[in-house]
Number of protein chains: 2
Amino acid sequence: MRDVAVIGVGMTPWGELWDKSLRTNFVESALLAIQDAGVDKVDSMFVGSMSSGVFVGQEHLASLLADYLGYGPIPAVRVESACASGGLAFKLGFLEVASGVSDIVLVGGVEKMTDVNGSEATYALGTAADQEYECFHGVTFPGLYALIARAHMETYGTTREQLAMVAVKNHEHGSLNPLAQFPFKITVDTVLKSVLIADPLRILDCSPITDGAAAVVLAPVEWAKTLKKPMVKITGVGHATDTIALSDRRDITSLDAVEKAAEQAYKMSGRKPSDLSLAEVHDCFTIAEICVTEALGLFPKGRGGEAVEQGLTRLGGKIPVNVSGGLKSKGHPVGATGVAQIVELVKQLRGEAGPRQVKDARVGLAQNMGGSGGSSVVHILEKM
Amino acid sequence: MRDVAVIGVGMTPWGELWDKSLRTNFVESALLAIQDAGVDKVDSMFVGSMSSGVFVGQEHLASLLADYLGYGPIPAVRVESACASGGLAFKLGFLEVASGVSDIVLVGGVEKMTDVNGSEATYALGTAADQEYECFHGVTFPGLYALIARAHMETYGTTREQLAMVAVKNHEHGSLNPLAQFPFKITVDTVLKSVLIADPLRILDCSPITDGAAAVVLAPVEWAKTLKKPMVKITGVGHATDTIALSDRRDITSLDAVEKAAEQAYKMSGRKPSDLSLAEVHDCFTIAEICVTEALGLFPKGRGGEAVEQGLTRLGGKIPVNVSGGLKSKGHPVGATGVAQIVELVKQLRGEAGPRQVKDARVGLAQNMGGSGGSSVVHILEKM
C-alpha cells in the first residue's frame, strides 16, 4: 500500500444558500480543491451525501457531479453512512490511492438541506436512525441525544452548564472562521435561555440545518513531494459500526463505534491521544462532543464535561477541539461535514488557519459519526 | 493486488413482498450467501441500494444491515449509483479483497419498492435522471428510454417486433427461474397489445417494480482454493460514467459508459466478446438490452435488434443474454439487480443453473447500468 497525502482542499461559505443548488455548491468547492492541488486531471472521485434523495429528489449523485465538473467518464462513487458519509468517502478515496487503483482522487461531501421545510428535514434526518423501531414511535434526533445527555448527567454528574460551554466554545472558535454559518459568539446564559427542543437539550445545543459542500484532493506521497508545498499525510484510518437503535447499546453514554475506529487509527499511525495537536469531532449536539472526546481517549470516561469547563478543549488549551467552529457554529450539511473536518485539519497543519491557527500543529484527528453513533470513521493526518 | 473469487451466493424469491421489510429481505439473502460460502465471519461489507431513503425512509443502510446480521462492529459501506448500485458495491468489494484490506467481504444489494404507490415509485426512479433538467419538465424513465427506442428505430431500422422479442426471450428464460417475479412465458402479440406506457414502449417492454435482495461473498483466490468447491474468479472489472441528461449525449442510441466499462473489463481479463459463454445485462427496458449488447461489442452497432430476431441471444444461441430472465422477468429491485447478475453468473459457471444451464459455461459477463446510462459497471467472471 502506498502512502497518501492530501494535496488540495476547497470549501465555500456554508449557510442557508437558497440561490445555489446542490450541484453548484459541490462544483464550487471541488474546483477550489482542484485549484489548490494544482492538478489538471482527476482519475476518480468519491462523494459523500446522506440523503440527497429525500432532500432534493436526486440520486445517481456521483455521476451527476462528475458530469457537472466536466470529468466524465471517470469512475465516480457516492457513499452513504448517514452523517458520516463525508468521512467514509474520504476513507474510500484513501484506499483508492493507497492500493494504486488511482493516482489523483477527488473526495467531496455535499448536502442541500433547506429546500424542504422543518418537519421534512426532521424526517430526513430521522432516516439515520432506525426508522421502524425508533422514529416510528415518535423519537427525533434531538430526542435520541437528549436521552444520551440525561444518562450522562445522571451517571457522571455532567451539568447543564457544561453542555452549554461546548456550544459557547465552538461559537467562539467559529467566530474566527469566515466560512461558518453562525460566526458569532454566544454565552452560557444565551444557551440556557434558548428554546427547549428535547429536555435537557435547547436549540443552542443543536447543530443547524445547513447547505454546503467541501472537497479535498488526494495523491500518493511520492507524487505529492514534487509539488513543493507543505505536505499533509494520512497516517491513520479507522472505521467501525454499532447498533443503529440506541436501545440495543450496552450503555447509551458510550460510543463503541468511535472507540473502535479510534483504536484502529491510533494503531495504524502509531499515535496516542497525547500526541494530537488538535481534533475535529462530531458535535451534532453538545452532548455528542463530550461523549466523543471520551471515546477518543482525550479524557477519562465521564470527565468530558469537566474538561470543557476547565478550558482544556479551547483554542490555546491542552487539546483544542473543533477550532473550525465544529458542526455547532460552522454548520452541519450532513454529507459534507466529514470532508470539511479534513479541510480544517489540512489548513491547520499547513499553518494557514489565520486567527484560529493552533500553534505548531503537527498531528490532527478527525472524527465523523453517523446517526446516534451507529457508524464512525476516524482519520489522523500529519504534517510531514 | 490479489486475485479474488466469489465463494458464496444467495438470493431469495423476488416479487411484491408485502410481508417482508427491507432488512428481512437483505438478511435472508445474505445468510444464504454466507451459508453457501461456508464462512463463519465476515471482515467488512458493501451494500448497494439506490433510494432506500425515498422508498422506505431509511438511510444509514449498511450499518443497519450489519447490525441486523449481527456483524457489527465491522466496517460497512453503502454505495449508490442509481440502478447500478449493486454492481458498484461488487466492484468496491472486489477492491477491498484485492488490495488486502479485508479477506472475507460480503456484498449485497437490496431495494424495497412496493411500500410506496405507483406515482411515488415513478418519482423515486426519476431521482436516477437529472431531477432539475429532465424530470422537472415531466419526463419519466420509460419516457427517456422511449426516446432512445424511437431514435434506434429511425436510425437503424430496428422494429417494434424486435423490441417485443427481447421481452419474449427473457420471459422464456425467466420461466425456468424459480426466483423470478414473473416466471411465465409471453408472446410478441401479448407485448404488442399490452398497454402503451411511452410510445413506442408498452408495459411488457418495461421491467417491473420489485422487492428483493441478493448477496455474494468474496475471498482471495488463494484462500478459496482450500474450500474444494468449483472456483469462480473475478477476472475483469470496469466502471465509467456519462452525462446524466440524455440531451447532453453525442448520440442517444450509444451507451458510452457501457462501452468504456466493457473496454476496461475486457482489457483486464484479456477476453473479447467472442470468448463469452453468457452475459447478464441491464434490460430495464427492451431497448436497453439491444443498446447494451451493441455497446458490449456482442453485435455491430445497430444490429442488436436483428440479433434477437435471429435467436442469437437465446439460451442455446450464439451468446445467451439474460438467461436468468433479466430485469424484465426476474424483476428489478434496483439496488439488488447488479448483485443478482453476479449470483446468476456464479450459478451458471458452477453448473448449478438447472433447466436454464448454459452448456459448458466458462466465461460470464455482467453489465449493470445507472439511469439512462449515466453510469455503468461491467464484470467478467470465469470458472477456474
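Residues numbered from 1 in each chain as written. Chains lettered and ligands numbered in written order. Predicted model: local features only at pLDDT ≥ 70, side-chain atom pairs only at ≥ 80, totals over all residues.

Asker: Requested: an account of the environment of Gly311(A), with residues and values cited.
Answerer: All names here are of chain A. Here Gly311 shows up in the loop between helix 12 (304-309) and helix 13 (326-330). On the basis of neighbour counts, which here come to 13 C-beta atoms within 10 Å, the residue Gly311 falls in the partly exposed class. Sequence spacing of Gly311 and Ala240 is 71 residues, and the spatial spacing of their C-alpha atoms is 30 Å. (Helix = DSSP H or I, 4+ residues; strand = E, 2+ residues; numbered from the N terminus. Buried ≥ 20, exposed ≤ 12 C-beta atoms within 10 Å, placed from the backbone.)

Asker: Break down the domain arrangement of chain A for me, citing the residues and quoting the values.
Answerer: Residue and element names in this part refer to chain A. Domain boundaries assigned for chain A yield domain 1 (4-117 + 210-227) and domain 2 (139-206 + 235-328 + 348-383). Here domain 1 and domain 2 have C-alpha centroids that lie 24 Å from each other. Counting from both sides, the interface comprises 16 residues of domain 1 and, opposite them, 16 residues of domain 2. Listing elements by their share of the side of domain 1 that touches domain 2, those giving two or more residues are strand 1 (4-11) and helix 4 (85-98). With six residues, helix 4 is the largest single contributor of residues to the side of domain 1 that touches domain 2. (Domains from an automatic or database assignment. Contact = placed C-beta atoms within 7 Å.)

Asker: Summarise the packing of helix 6 (residues 141-156) of chain A against helix 11 (residues 286-295) of chain A; cite the residues concerned and give the values.
Answerer: All names here are of chain A. Orientation of helix 6 relative to helix 11, taken along the N-to-C sense of each, is 60°, at an axis distance of 9 Å. Accordingly, the angle class assigned to the pair helix 6 and helix 11 is oblique. Judged by the sense of rotation from one axis to the other, the crossing of helix 6 with helix 11 is left-handed. Of the residues in helix 11, those in contact with Tyr145, Ile148, Ala149 and His152 of helix 6 are Ile287, Ala288, Ile290 and Cys291. Residue composition of the contact of helix 6 with helix 11, by class: seven nonpolar, one polar and no charged. (Axes fitted to C-alpha atoms, helices over the stretch in contact; angles between N-to-C directions. Parallel < 35°, antiparallel > 145°, perpendicular 65-115°, else oblique. Left-handed = near helix turned anticlockwise from the far one by under 90°. Nonpolar A, V, L, I, M, F, W, Y, C, P; charged D, E, K, R; others polar.)

Asker: Could you give me a rundown of the environment of Asn368(A), with the residues and numbers involved?
Answerer: All names here are of chain A. Checked against the element boundaries, Asn368 lands in strand 10 (residues 363-370). Taking C-alpha positions, Asn368 is 9.1 Å from Asp283, a pair spaced 85 residues apart along the chain. Excluding residues within four positions of it along the chain, Asn368 makes contact with Ala84, Gly86, Gly87, His282, Thr337, Gly338, Gln341, Ser376 and Val377.

Asker: Before we move on, could you go through the pairing of strand 4 (residues 105-111) of chain A and cite the residues and values that matter?
Answerer: Residues and elements named next belong to chain A. Within strand 4, seven of the seven residues are buried, which leaves the element mostly enclosed by the surrounding structure. Here strand 4 shows a buried face lined by Val105, Val107, Gly109 and Glu111 and a second buried face lined by Leu106, Gly108 and Val110. Strand direction decides the pairing type here: strand 2 (residues 44-48) and strand 4, joined by five bridges, are parallel. Across the sheet, the residue bridging to Ser44 is Val105, located in strand 4. Summarising the sheet, strand 4 and strand 7 (residues 212-220) pair through seven bridges and their orientation is antiparallel. Among the inter-strand pairings, Val107 is bridged to a residue of strand 7, identified as Val216. (Pairing = 2+ DSSP bridges.)

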